[in-house]
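Architecture at a glance
Each chain, written out:
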Amino acid sequence: MTSLPVIPISPKAPAGDAPSRRASMPPRHLADLDLAGRAALATELGEPAFRAKQLSTHYFGRLVRDPERMTDLPAATRGRLAEAMLPTLLTPVREQSCDDGATRKALWRLHDGSLVESVLMGYPDRVTVCISSQAGCGMACPFCATGQAGLTRNLSTAEILDQAVYLAGVAASGAVAGSPARLSHVVFMGMGEPLANYSRVVAAVRRLCAPAPEGLGLSQRHITVSTVGLVPAIRRLAGEDLSVTLALSLHAPDDDLRDELVPVNQRWKVAEVLDAAWDYADRTGRRVSIEYAMIKDVNDQPWRADLLGRLLAGRLAHVNLIPLNPTPGSRWDASPKPVEREFVRRLREAGVSTTVRDTRGREIDGACGQLAAAEVAM
């Protein structure tokens, strides 16, 4: 196992601060607005409209979040502009790393004391950030640490983006050895159900893909939005004229088991969810990623592999099998490797493209299903 240094980034808040506050949305931030909206806000503040572009260039183009480093802004107005347009959204609490520093998990405290986590993963050809869209999650999937924590609140568009901007800055600093110094991929697979925070997530996606200084300038095809299967939201996303990858957390091909593993299936059954996914694929031309956690003696039977193969055969889909990651108190475990290999064989025999996900970050509870934003004493 790789050693796991715990890096304190900022002083821990007094123990009573976070729990005593009521969950609330943060102040407005320039990342909540498009470039025109930022210019209008600067004008409202009595500043030239071009100040908005200067601030945006620092934030999205240079990945600078500290107003004191924005020295092209007049010192006399820098503080006032920063307070109105760049309020602090994320306060670092703890950072952990593993995989020789290639995987880094950050724990953040939000302005109301809520806690969220995000993960950076460096590879030889890309840098990917897994970001959260909610503090906690209301979907209650029993094998997921986040789902068991319950939902605190939605994140604002800017809170979502600030995670990516910060970790893009980490990559740009060269801190992830052996990886490019530029963020290239973003996956909405952190805490929360992205499509339950629909409008803010879609706004964040548009900002991620808009060229600087409007946004980060990423390719839409390098953005993945996951969902447990909120059918109306999937259909709405299909009409957004976006080319992002839809990742459907299926986890069972039959309603009896999926009702237990993914409780929202009691509202929208497997057939309805897949129908919405195929509509998304037809309208966007993008292959749907079917996420399937492999749980020992629960959903890994050969007959379920065969059923899944029949459901997906001939569709624009790819199965991403996920070895179940351990979570505290869970009664379930990952499928044995021979069972996993047989599941893969049967899917491929049915003509379904299938891979097994790399379980990065497991040692620091940063892998799929492990994010719980737990604060521990340093």
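Note that this is a predicted model, so its numbers are computed, not measured.

What follows concerns the packing of helix α8 (residues 231–238) against helix α10 (residues 270–284). Where α8 contacts α10, the two axes come as close as 9 Å, and the packing angle between them is 5°. Taken together, the axis directions place α8 and α10 in an arrangement best described as roughly parallel. Within the contact between the two elements, α8 uses V231, I234, R235, L237 and A238 and α10 uses E272, V273, D275, A276, A277, D279, Y280, R283 and T284. Its residues assigned to classes, the contact of α8 with α10 shows eight nonpolar, one polar and five charged.

Another aspect to go through is the environment of V205. Assignment of secondary structure puts V205 in helix α7 (residues 198–209). Measuring from C-alpha to C-alpha, the distance between V205 and L161 comes to 8.7 Å, with 44 residues separating the pair along the chain. Leaving out residues up to four positions away in the same chain, V205 has contacts with F188, I223, V225, L242 and V244.

With that out of the way, let us pick up the packing of helix α2 (residues 35–44) against helix α3 (residues 50–61). The description of two packed helices rests on the angle between their axes and on the distance between the axes. Following both chains from N to C, one finds α2 and α3 inclined at 130°, their axes separated by 8 Å at the closest point. Classified by the angle their axes make, α2 and α3 are oblique. Touching L35, R38, A39 and A42 of α2 are A52, S56 and F60, all from α3. By residue class, the composition of the contact of α2 with α3 is five nonpolar, one polar and one charged.

This part takes up the nonpolar core. By size, the foremost hydrophobic cluster in this structure holds 105 residues, and its most contacted members are L183, F188, V205, L208, I223, L261 and I290. In this structure I290 touches L248, L250, L274, L312, A317, H318, V319 and N320, once residues within four positions along its chain are discounted. Among the nonpolar cores identified, the runner-up in size contains five residues, and V119, M121, Y123 and V187 belong to it.

This model, assessed by the stated rule, comprises 22 salt bridges. The salt bridge involving D112 is made with R153; its shortest N-O contact spans 2.7 Å. Remark: R153 occurs in strand β7 (residues 151–154) and D112 occurs in the loop between β3 (103–109) and β4 (115–122); sequence separation between them is 41 residues. For the pair D112 and R153, a shared accessibility class is recorded, and that class is buried. Ionic pairing is found between R235 and D279, a salt bridge with its closest N-O pair at 3.6 Å. Placement of the pair is R235 in helix α8 and D279 in helix α10, with a sequence separation of 44 residues. A relative accessible area of 32% places R235 in the partly exposed class. Beyond isolated ion pairs, a larger network of salt bridges with shared partners links D306, E342, R345, R346 and E349.

The full count for this structure, using the stated rule, is three aromatic pairs. Between W108 and Y166, the aromatic rings sit 4.7 Å apart at their centres with planes inclined by 85°, giving edge-to-face as the arrangement. Here Y166 lies in helix α6 (residues 157–172) and W108 lies in strand β3, a separation of 58 residues in the sequence. Accessibility assignment for this pair places W108 and Y166 in one class, buried. Between Y292 and F343, the aromatic rings sit 5.2 Å apart at their centres with planes inclined by 40°, giving tilted as the arrangement. Of the two residues, Y292 is situated in strand β11 (residues 288–294) and F343 in helix α12 (residues 337–349); the sequence distance between them amounts to 51 residues.

Let us look at the pairing of strand β12 (residues 317–323). In terms of burial, β12 is a largely internal element, seven of the seven residues being buried. Taking every second residue as pointing to the same face, both faces of β12 are buried, with A317, V319, L321 and P323 on one and H318, N320 and I322 on the other. With respect to chirality, the unit in which β11 leads through helix α11 (residues 302–312) into the neighbouring parallel β12 is right-handed. As paired strands, β12 and strand β13 (residues 353–356) are joined by four bridges and run parallel to one another. From the neighbouring strand, V319 faces β13, where its bridge partner is T354.

What follows covers the confidence of the model for the chain. Across the chain, pLDDT averages 89, with 89% of residues at or above 70. Below pLDDT 50 for its whole length, residues 1–20 participates in 35 contacts with residues either more than four positions away or in separate chains. Below a pLDDT of 50 lies the segment residues 364–371, which in the model reaches 38 contacts outside its immediate sequence neighbourhood of four places, other chains included.

The residue A149 is located in helix α5 (residues 145–149) in this model. Through-space distance from the C-alpha of A149 to that of G136 is 6.0 Å; in sequence the pair is 13 residues apart.

In this section: α3. By the burial criterion, the buried members of α3 are R51, A52, Q54, L55, S56, H58, Y59 and F60. Looking at the buried positions of α3, the neighbouring elements they touch are α2, α4 (75–85), α6 and α7. Just past α3, the residue L63 takes up positive phi, approximately 60°.

Parameters and conventions
- Residues numbered from 1 in each chain as written.
- Predicted model: local features only at pLDDT ≥ 70, side-chain atom pairs only at ≥ 80, totals over all residues.
- Heavy atoms only, no water.
- Axes fitted to C-alpha atoms, helices over the stretch in contact; angles between N-to-C directions.
- Helix = DSSP H or I, 4+ residues; strand = E, 2+ residues; numbered from the N terminus.
- Parallel < 35°, antiparallel > 145°, perpendicular 65-115°, else oblique.
- Contact = heavy atoms within 4.5 Å.
- Nonpolar A, V, L, I, M, F, W, Y, C, P; charged D, E, K, R; others polar.
- Core = buried A, V, L, I, M, F, W, Y, C linked by side-chain atoms within 4.5 Å.
- Buried < 20%, exposed > 50% of the residue type's maximum accessible area, 1.4 Å probe, protein only.
- Salt bridge = Lys/Arg side-chain N within 4 Å of Asp/Glu carboxyl O.
- Phe/Tyr/Trp six-rings, centres within 6.5 Å; stacked < 30°, edge-to-face > 60°.
- Right-handed = clockwise from strand over helix to strand, strands pointing away.
- Pairing = 2+ DSSP bridges.
- pLDDT = per-residue confidence, 0-100.

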